[in-house]
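Structure at a glance
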Amino acid sequence: MLPSPTSSVHSSFCAVPQLKIDKISRTAMWFSMVVKTFMDMDQDSEDEKQQYLPLALHLASEFFLRNPNKDVRLLVACCLADIFRIYAPEAPYTSHDKLKDIFLFITRQLKGLEDTKSPQFNRYFYLLENLAWVKSYNICFELEDCNDIFIQLFRTLFSVINNSHNQKVQMHMLDLMSSIIMEGDGVTQELLDSILINLIPAHKNLNKQAFDLAKVLLKRTVQTIEPCIANFFNQVLVLGKSSVSDLSEHVFDLIQELFAIDPHLLLSVMPQLEFKLKSNDGEERLAVVRLLAKLFGSKDSDLATQNRPLWQCFLGRFNDIHVPVRLESVKFASHCLMNHPDLAKDLTEYLKVRSHDPEEAIRHDVIVTIITAGKRDLSLVNDQLLGFVRERTLDKRWRVRKEAMMGLAQLYKKYCLHAEAGKDAAEKVSWIKDKLLHIYYQNSIDDKLLVEKIFAQYLVPHNLETEERMKCLYYLYASLDPNAVKALNEMWKCQNMLRSHVRELLDLHKQPTSEANSAAMFGKLMTIAKNLPDPGKAQDFVKKFNQVLGDDEKLRSQLELLISPTCSCKQADVCVREIARKLANPKQPTNPFLEMVKFLLERIAPVHIDSEAISALVKLMNKSIEGTADDEEEGVSPDTAIRAGLELLKVLSFTHPTSFHSAETYESLLQCLRMEDDKVAEAAIQIFRNTGHKIETDLPQIRSTLIPILHQKAKRGTPHQAKQAVHCIHAIFSNKEVQLAQIFEPLSRSLNADVPEQLITPLVSLGHISMLAPDQFASPMKSVVANFIVKDLLMNDRSTGEKNGKLWSPDEEVSPEVLAKVQAIKLLVRWLLGMKNNQSKSANSTLRLLSAMLVSEGDLTEQKRISKSDMSRLRLAAGSAIMKLAQEPCYHEIITPEQFQLCALVINDECYQVRQIFAQKLHKALVKLLLPLEYMAIFALCAKDPVKERRAHARQCLLKNINIRREYIKQNPMANEKLLSLLPEYVVPYMIHLLAHDPDFTKPQDVDQLRDVKECLWFMLEVLMTKNENNSHAFMKKMSENIKLTRDAQSPDEPKANEKLYTVCDVALCVINSKSALCNADSPKDPVLPTKFFTQPEKVNLLILFPKEHYFMLPMICFYLSVAIGLFCLLYKLVLLLPSNSFGKYSSAVSSGTTALQETYF
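Residues numbered from 1 in each chain as written. Predicted model: local features only at pLDDT ≥ 70, side-chain atom pairs only at ≥ 80, totals over all residues. Heavy atoms only, no water.

Looking at the overall build of the protein chain
- Per the secondary structure count, the protein chain includes 59 helices and zero strands.
- With 1162 residues in all, the protein chain has 53% of them scored as buried.
- Sequence-distant contacts, at least 24 apart, represent 73% of the contacts inside the protein chain between residues at least 6 apart.
- For the protein chain, the accessible area works out to roughly 52,800 Å², and carbon and sulfur atoms hold 52% of it. (Helix = DSSP H or I, 4+ residues; strand = E, 2+ residues; numbered from the N terminus. Buried < 20%, exposed > 50% of the residue type's maximum accessible area, 1.4 Å probe, protein only. Contact = heavy atoms within 4.5 Å. Areas by Shrake-Rupley, 256 points an atom, 1.4 Å probe, with all protein chains shown as cover.)

Okay, structure coming up:
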């Protein structure tokens, strides 16, 4: 027990500053005993409390509070803390100033808590524990400026806390601070700032323990501190008083952290945010949206359900006028979908609107949002959201389209190819493969290249092992829809064509240098450049690549190996890497030239198909035939798998024929030929036809087995099998004449019109045989045509058709007799196409027969025994036959204008299917530049089609045909010599002549008929006049004017015919004048009119109609006449009249007598 605090003790304490260092140490030891004494005392020791009161008062003197020795200051602080404990609840110090000094002194000593390794740390901890347990600081509530003490205390504690402190230290700090907050009258802004500043990201990163301490403190005091927080945000957010706190600029960061700590801290703040969301300041709205996006999107947040008004207000920002706000809203949706799937329904409608946003970046981010969520978990995105991505694959911007396509490809690979989420998820995105391949139909080369890349990396990854890769391709092909299959076939076709162009380029390198060789090489380079991104830049890169090829023989050999038919997939990979390595420039990290060459190499490299791959495909198909494959597990039936497998092999036989040449492959194909499925057998024959050129020499056993099967198919197979069998024999056997004769002779002798169902296959075989071997079979076929085809089959109706009034019937409901007649018409055409001459006048007779069939509307005998649907079939066959013959120059010359007009009118047939199929055939032939230019004029009549879809289809066909012809002229300098047959603008005179002879145009003065003529003219002219290339508008106007200087070559002496022709010209001039301001310029060249339809110009005859003194007025009169007719037409523009059936109106033009038709074939 220490002695009583006498004056000597007091004196000794006062003398401490004058002691030497060793004496100070002894004094510290003495002080430790004092501390021990106070530690052992309790509140019930009244005598001791009274005894040590003078010492307690003395310890609060300035001498101790400002002592320079930190150990002494620590011991004094510990003593003072115990004094407050012992004398509680009344402190022995009555002066407010003294109390303030004491607590500020104690607070300063708490800084020693920072160093946990200090020898004195236990004393500092004791000090903290004592203060927290007794709640000593609560005494300060009586002081006016207690807030200064509390602020200093809070700052001190937050500054000293660190990761070396244990949980007890943190708990005592929390107890000390929470008692001040909860038992005080309120929290001042400065004190609140001392807590909140630790939540700011910058401070949070500097001292994570201070952040955690503040977080726990706020959680513990939420009820007390929430009004203070609400007041602070009200001052800043609503009243705009940013000066109330230095943290005003961090309000949104604070709200985010406070919400994460406890949403109850912000109960009164959320309505203030709703107010801010409606601010007129876009940047302010953006800041609030960013904040709320984090609050709503955080994983454990239920703010959207707890505060629906704020949620709805936030969703409204998806439609904000400020682009960054909309963009931020869309970005938020991704986190929201992943963390709160239940809110997907609310977001869907807003994302739908934003997926059509005028801003490219927003549409792009909508896709990223949906795809990101889908890759995390497919269940997070509904079908509607995936539909938005699907729509954007056709976006007008490449960046958006690319993101949508790549995103869908990634989903497909994850959930279909790898099956990461089971069959249900795979079924949900099974449509993706079809949609991605459909994009190959787009005109942009970028789209096509991306589809090829997606196919090689996601749909059928090229880096898989051969068997796995082919299994993937096998079942993909079996599950694609028809349009996707066509797109995939087209993709392979385009790649194969590009390989051919590169092969031809390499061949040109082997030839001696010449002007012709350089011109051919330049044309080939331009063609290759068109198949690469950005053809303009690609031209320069392709030229550079061609120069490198010319200089580097090793590079040429690598490229030759790459495009060789025998190149394997592994070899292709090595070649691509080797060529890229040679062209790489280490000093140039980004090499556009190398990137362009890589695009070319990726397109031409056989990364999927080689001999090994074909063998694997055949094995898969064999398993399907045997029933041991996994067809059902892959979602396709065995029959579908077999049929699709054969179709796949058939397509590949065109692009990779060399890869099929093996006995194993051909044995499997022979097995398919014996199957009952007609489609499978047909595909197998076609594969033999495409790949079997070496069968006769290399595989005699296959040859001996194949020949009787082909004979059987040509005689008794389906029509398609018969066609392929005949072509197969002709393609792969050297003694084809003998083989074809063995088929022709028995078939020609066994023809029997009384059994029409047994006629179809023989007629197909005979027709193709006569076309493929005309020298051998043209003459024998003539007697078959005259005695049987025309006389016995076409000129007789043996059965009576069903009078049900239908204009069209499905194929299976068409009578065998009509099917036989259709094949008979096709046989006539094939026979003539094989001969390619009209020496026997058989073509004239055939054209008269076909014309008679059109005039009689399909009922050639006019006995009215045939049904309307069968008549439609025969009209279509006749029109198609004339169009087919027109593709051969020798027959095109003998087709009269009347016969051409009859053929053209098929496109206005009363039967929808006839119009549809005829237009498709017409378009197909025109696109390939097989038909003469006048046949493009037929599309003008489509303006009268009552079905909107047919008119739209015809317009697209026109647009494509015109673009192809213009591009062909640009790419082929020699085409300038054939402009009359190639230049699209030259269709105008053919169109004018055709419309002048339209049976519906009978009265040149009838306004309704003039309106129809104008609509037909504009249907064609609108597409032609989209561009004014080489002053084409003036050229077309000049052509129309020149026609008025001629007469109708079809009826040159008939005034009415010429009147109709000139009237159509006037309407055409009116249309051209009204739609183009450039048509009055000088024509670049004098147009040439087709002499088959127009006589030579007769300028003198036209001018005789006017008195000599009025010649100067002629141009003005013509102009006003054209304008008047045009205005007259426009008055009736809204009147819609359907074109009448017009086939019967030509009945007087063509004789349909049975006897005359029969005589023409003898």
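Section: a negative patch on the surface
- A surface patch of negative charge is lined by Glu465, Glu467, Glu468, Glu612, Glu633 and Glu634.
- In this fold, glutamate 468 is placed in helix α28 (residues 466-479).
- Residue glutamate 468 is classed as partly exposed on the basis of its relative accessible area, which comes to 45%. (Patch = residues over 30% accessible without salt bridge, like charges linked within 9 Å, V, L, I, M, F, W, Y side chains within 5 Å. Salt bridge = Lys/Arg side-chain N within 4 Å of Asp/Glu carboxyl O. Lys, Arg positive; Asp, Glu negative; His and termini not counted. Charge placed at Lys NZ, Arg CZ, Asp CG, Glu CD.)

Digging into the packing of helix α40 (residues 700-716) against helix α42 (residues 736-749)
- Packing of α40 against α42 brings their axes to within 10 Å, and their N-to-C directions diverge by 30 degrees. The orientation of α40 with respect to α42, classified from their angle, is roughly parallel. In the packing of α40 onto α42, the handedness of the crossing is right-handed. Touching Arg703, Ile707, His711, Ala714 and Lys715 of α40 are Gln739, Gln742, Ile743, Pro746 and Leu747, all from α42.
- The residue makeup of the contact of α40 with α42, split by class, is five nonpolar, three polar and two charged. (Axes fitted to C-alpha atoms, helices over the stretch in contact; angles between N-to-C directions. Parallel < 35°, antiparallel > 145°, perpendicular 65-115°, else oblique. Left-handed = near helix turned anticlockwise from the far one by under 90°. Nonpolar A, V, L, I, M, F, W, Y, C, P; charged D, E, K, R; others polar.)

A closer look at the pattern of salt bridges
- Taken as a whole and assessed by the stated rule, the structure comprises 43 salt bridges.
- With a shortest N-O distance of 3.0 Å, aspartate 447 and arginine 401 are connected by a salt bridge. In this pair, aspartate 447 sits in helix α27 (residues 445-459) while arginine 401 sits in helix α24 (residues 398-417), placing the two residues 46 residues apart along the sequence.
- Taking the shortest distance from any N to any O, the salt bridge between aspartate 507 and lysine 510 comes out at 4.0 Å. With aspartate 507 and lysine 510 both in helix α29 (residues 482-510) and three residues apart, the pair spans about one turn of that helix.
- Owing to a relative accessible area of 35%, aspartate 507 belongs among the partly exposed residues under this scheme.

Topic: the side chain of histidine 997
- Its place among the elements puts histidine 997 in the loop between α53 (987-996) and α54 (1007-1024).
- Exposure remark for histidine 997: the relative accessible area of 13% places this residue in the buried category.
- A polar side-chain atom of histidine 997 sits 2.4 Å from a polar atom in the side chain of aspartate 1048. (Polar contact = N/O pair within 3.5 Å; in protein donor to acceptor, adjacent residues only side chain to side chain.)

So, a positive patch on the surface
- Side chains of Lys493, Lys723, Lys826, Lys884, Lys921, Lys924 and Lys928 sit close together on the surface and give a patch of like positive charge.
- Assignment of secondary structure puts lysine 921 in helix α50 (residues 912-927).

Observations concerning the nonpolar core
- Core analysis: the biggest nonpolar cluster contains 335 residues, and Tyr137, Phe233 and Leu273 have the highest contact counts within it.
- Aside from chain neighbours lying at most four places away, what touches leucine 273 is Leu237, Phe252, Ile255, Val288, Leu291, Leu292, Leu295 and Leu310. (Core = buried A, V, L, I, M, F, W, Y, C linked by side-chain atoms within 4.5 Å.)

Re the packing of α29 against helix α36 (residues 638-655)
- Relative to each other, α29 and α36 sit at 15 degrees, their axes nearing to 9 Å. What the angle tells us is that α29 and α36 run roughly parallel. Like other packed secondary-structure pairs, α29 and α36 cross with a definite hand, here right-handed. Between α29, through Asn489, Trp492, Lys493 and Asn496, and α36, the contact on the second element is made entirely by Leu648, Val651, Leu652, Phe654 and Thr655.
- When the residues that make up the contact of α29 with α36 are grouped by side-chain class, the tally is five nonpolar, three polar and one charged.

Concerning the environment of phenylalanine 296
- By secondary structure assignment, the location of phenylalanine 296 is in helix α17 (residues 282-297).
- Residue phenylalanine 296 is classed as buried on the basis of its relative accessible area, which comes to 1%.
- The spatial distance from the C-alpha of phenylalanine 296 to the C-alpha of cysteine 336 is 7.1 Å, given a sequence separation of 40 residues.
- What phenylalanine 296 contacts, discounting residues up to four positions off in sequence, is Ser301, Leu303, Ala304, Leu310, Trp311, Phe314, Phe332 and His340.

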